[in-house]
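Fold and contact review
Read off the chains here:
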Amino acid sequence: MSKFEGVIVSDQSLQSQFTQVELRSMKSKFVNLKNQNGKVTFGDLPALMVKLNAFRDMYNEDEIRGILGEPGTDFTNAIDFEIFLKAYLNLQSQPTAKQGGRRHSSSFLKETVTTLLHTISESEKACYVAHINSYLGDDPFLKQYLPLNPASNDIFDLAKDGVLLCKLINVAVPGTIDERAINCKRNPSLWEVNENHTLCLNSAKAIGCTVVNIGAQDLVEGRPYLVVGLISQIIKIQLLADLNLKKTPQLMELVDDSEEIEELLSLSPEKVLLKWMNFHLQRAGYEKTVRNFSSDVKDGEAYAYLLNVLAPEHCSPATLDTKDSTERANLVIDHAERMGCKRYLTPRDVAEGTSNLNLAFVAQLFHHRSGLSTDTKKISYAEMITDDVQTSREERCFRMWINSLGISTHVNNLFEDVRNGWVLLEVLDKIFPGSINWKRATKPPIRMPFRKVENCNQVIEVGTQLRFSLVNVAGNDIVQGNKKLILALLWQLMRFTMLQLLRNLRSHSQGKEIKDADILHWANRKVKNSGRTSHIESFKDKSLSNGLFFLELLSAVEPRVVNWNLVTKGGSDDEKRLNATYTISVARKLGCSIFLLPEDIMEVNQKMILTLTASIMYWSLQQQTEDPDSFPSPANTTTSTPEASPAPSVCGEDESSSIGGEFSNLSVDDTTSDSTASSQPECDGVSAADELL
């Protein structure tokens, strides 16, 4: 199982400044430096610090030496790990001071977790507690602990066993976690608690949360800023789930022409919500444009106009006549309550412009009364332009995978967001550091079309160097939004990186490539050595549809992870679905970060089957690097080429020492495409030399 023992620092105030993922990473850096020199001195720090992503673009070695070195400092003195951590925090505090301080409150936003001055908003905590009490109050297991007291720290204590977070994910996106895989007990063991949090983190990634630099141990410890930050993301996903044309085709009323429709498709849910709000405000005669959920709404006037349009039967003239903004906010909240909206925020939250809570408030208004027409002509057109089921599943898979990497740009609509090339450049640079010439790249917003083509051309160049199948493909194909080519390009990127990660674990392979046949051979041998008789001929073997082979494989790599009393025979479609959903949750519970859906197993989507098997293999190899059975002999291996160099990390400079599941980010494509990035229809999106199936 994934190890849950954390890196322990004797100074608790120092340890509290870092997540376990960060501590493991820095411990690895420190130990590696010590192994090279026999000890680590002050003089070693500048060369080490300047290589870290946190400081790479801020300082050079001389500047770091100047910051860390006080008058009289002897740079030959040896230091221990705690002094190294203090030096890191000292260096990190410098840009904070220069920028006038960072904002570290918990947030709905996608920002990566930071390590200084972690604080939480009591108002936000109270809002989330009210949300949990409302949606989980009748849960068979949690109702014994609910309702929570928003004025206490009950929420953090209840979150420590992982059950609350897993249940909340299922409220946000129903069916994400097979609840049979959650360890629901009054006094779970440490292993079971760790399993719940590992399941939670990998499932959170699969619904679009950003959990870079958060490990299961951090949640086991119940760190308030991490717990609140994760809960805020989960609730945000729930509240904004319907703000797209697929779920709410009535949103077509917000646009008038094809150009605006394309713009609407590319907007994030938050911006769609703003567009909806301004649409009604314009109808109400409100003269201003609301551009955010903080300063533009803090006087309450926009809310008063909006509610008068949405629910005129509950309108009160006093709402607009009052001069006091706090009193107006109170009247607005009363108005919303009469509509059926729960009172999650206070007048003070409105007056202070608390963005997360105001966003949640407006989202509630949208859900209770959108005020949009049911024009059948427009709705029919919206349904026509939405993607087919398979394409939508593929788009979801790649979007979630990209967002799980922790790049600076958040992807809301894959096909629209990659068209300027910037996201693809970020992904390539994250996975293959140094592969991108940023001097040739243009950062959005990009006004000149040829700059977008230049970005995409560089993507194609790097892909060609990695020996992707890109025959007759040009950067302009991406700019034009060719869905088939975009999906195929991303599939090749994920598959190639997945195989490279597996190869990197096989130090004895002497640079030889790992192929699909190696993964297949490993899986069959693991199952056979566990005493079972299941065997598959390929990753499109129809017998895989019942899910039994994967459950046997998971049981083979970790015998205690599968509860066989919950497994069906897989004879009917319902039984197959039960096994498939259980397989996915068990794999995530083990430590595999995967994005496939039950349908991918039931339909035997060979690409998804490959990535699921590879993810399990990767986890197993990480746990048992000395087990000879974990290193099958390569099948038809070839020597690595400079163009196909391995990537040392998936999520930045520090994740090589992360917890068991973190690296699986790359073995996790899921609803991938059968299309090709070539004009040749017979290709399957991968190079012929690597095609095995």
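A brief structural summary.

Criteria and cut-off values
- Residues numbered from 1 in each chain as written.
- Predicted model: local features only at pLDDT ≥ 70, side-chain atom pairs only at ≥ 80, totals over all residues.
- Heavy atoms only, no water.
- Helix = DSSP H or I, 4+ residues; strand = E, 2+ residues; numbered from the N terminus.
- Buried < 20%, exposed > 50% of the residue type's maximum accessible area, 1.4 Å probe, protein only.
- Contact = heavy atoms within 4.5 Å.
- Areas by Shrake-Rupley, 256 points an atom, 1.4 Å probe, with all protein chains shown as cover.
- Expected span 1.5 Å × (residues − 1).
- Polar contact = N/O pair within 3.5 Å; in protein donor to acceptor, adjacent residues only side chain to side chain.
- Core = buried A, V, L, I, M, F, W, Y, C linked by side-chain atoms within 4.5 Å.
- Salt bridge = Lys/Arg side-chain N within 4 Å of Asp/Glu carboxyl O.
- Phe/Tyr/Trp six-rings, centres within 6.5 Å; stacked < 30°, edge-to-face > 60°.
- Lys NZ or Arg CZ within 6 Å of the ring centre and 35° of its normal.

Regarding its fold elements, the protein presents 31 helices and 0 strands. Looking at the protein as a whole, 56% of its 693 residues are labelled buried. Considering only residue pairs separated by 6 or more positions, the protein has 68% of its internal contacts joining residues 24 or more positions apart. With an accessible surface of roughly 28800 Å², the protein has 49% of that area assigned to carbon and sulfur atoms.

Further remarks concern helix α17 (residues 325-339). Since the α-helix packs 3.6 residues into each turn, any two residues three or four apart lie on the same face. Here α17 contains 15 residues, and its C-alpha end-to-end distance of 21 Å stays within 8% of the 21 Å for a straight helix at 1.5 Å per residue. All buried positions along α17 are accounted for by Arg 328, Ala 329, Leu 331, Val 332, Ile 333, His 335, Ala 336 and Met 339. Against α15 (301-310), α16 (318-321), α18 (347-351) and α19 (355-368) lie the buried residues of α17. Two or three places before Thr 326, at the opening of α17, Asp 324 has a side-chain oxygen 3.3 Å from that residue's backbone nitrogen. Note on α17: the residue one or two positions beyond its end, Gly 340, has a positive phi of about 115°.

This part covers unusual backbone geometry. Each neighbour pair has its own omega, and for Leu 146 with Pro 147 the value is 5°, a cis peptide bond. Within the secondary structure, Pro 147 sits in the loop between α7 (122-136) and α8 (154-159). Following Pro 444, the chain continues into Pro 445 via a peptide bond in cis, with omega recorded as 0°. Secondary-structure assignment places Pro 445 in the loop between α23 (422-431) and α24 (449-465). Positive phi outside glycine occurs at Asn 472, with the angle close to 60°. Looking at the secondary structure, you find Asn 472 in the loop between α24 and α25 (475-479). Positioned with a positive phi, Val 604 is a non-glycine residue whose angle comes to about 50°. The topology assignment puts Val 604 in the loop between α30 (598-602) and α31 (606-623). Judged by relative accessible area, which is 8%, Val 604 ranks as buried.

For the rest of this paragraph, the subject is the nonpolar core. The nonpolar side chains of soluble globular proteins are, as a tendency, buried together. Leu 230, Leu 273, Trp 276, Met 277 and Leu 365 are the most contacted members of the largest nonpolar core, which has 174 residues in total. For this core, the leading source of residues is helix α26 (residues 483-505), giving 14 residues. Look past the residues within four positions of Leu 230 in its chain and what remains in contact with it is Leu 165, Cys 200, Leu 201, Ala 204, Cys 209, Val 211 and Leu 219. Ranked by size, the runner-up nonpolar core spans 26 residues in total, among them Val 9, Leu 45, Met 49 and Leu 68.

Counting through the fold element by element, Pro 224 comes out in helix α12 (residues 224-239). Ignoring any residue separated from it by four or fewer positions in sequence, one finds Pro 224 in contact with Ile 120 and Phe 156.

Here we take up the pattern of salt bridges. Summed over the entire model, instances satisfying the criterion amount to 22 salt bridges. Put simply, Glu 195 and Lys 589 hold a salt bridge, and the shortest N to O gap is 3.9 Å. With Glu 195 in helix α10 (residues 190-207) and Lys 589 in helix α29 (residues 573-590), the pair connects residues that are 394 residues apart, well separated along the chain. Taken individually, Glu 195 and Lys 589 each receive the classification buried, so the pair is uniform in this respect. Through salt bridges that share partners, Asp 139, Lys 167 and Glu 179 make up one connected network.

Time to look at the packing of aromatic side chains. Tallied over the entire structure, the rule returns 11 aromatic pairs. Centre to centre, the rings of Trp 422 and Trp 438 are 5.1 Å apart; their planes meet at 55°, and the pair counts as tilted. Residue Trp 422 is found in helix α23, and its partner Trp 438 is found in the loop between α23 and α24; the two are separated by 16 residues along the sequence. With relative accessibility at 32%, the residue Trp 438 sits in the partly exposed group. Here the aromatic cluster, defined as three or more aromatic residues joined through ring pairs, consists of Phe 30, Phe 81 and Phe 84. Here Lys 27 stacks its cationic end above the ring of Phe 81, 4.6 Å away from the centre of that ring. The ring of Trp 564 has Arg 532 lying over it, and the distance from NZ or CZ to the ring centre is 4.4 Å.

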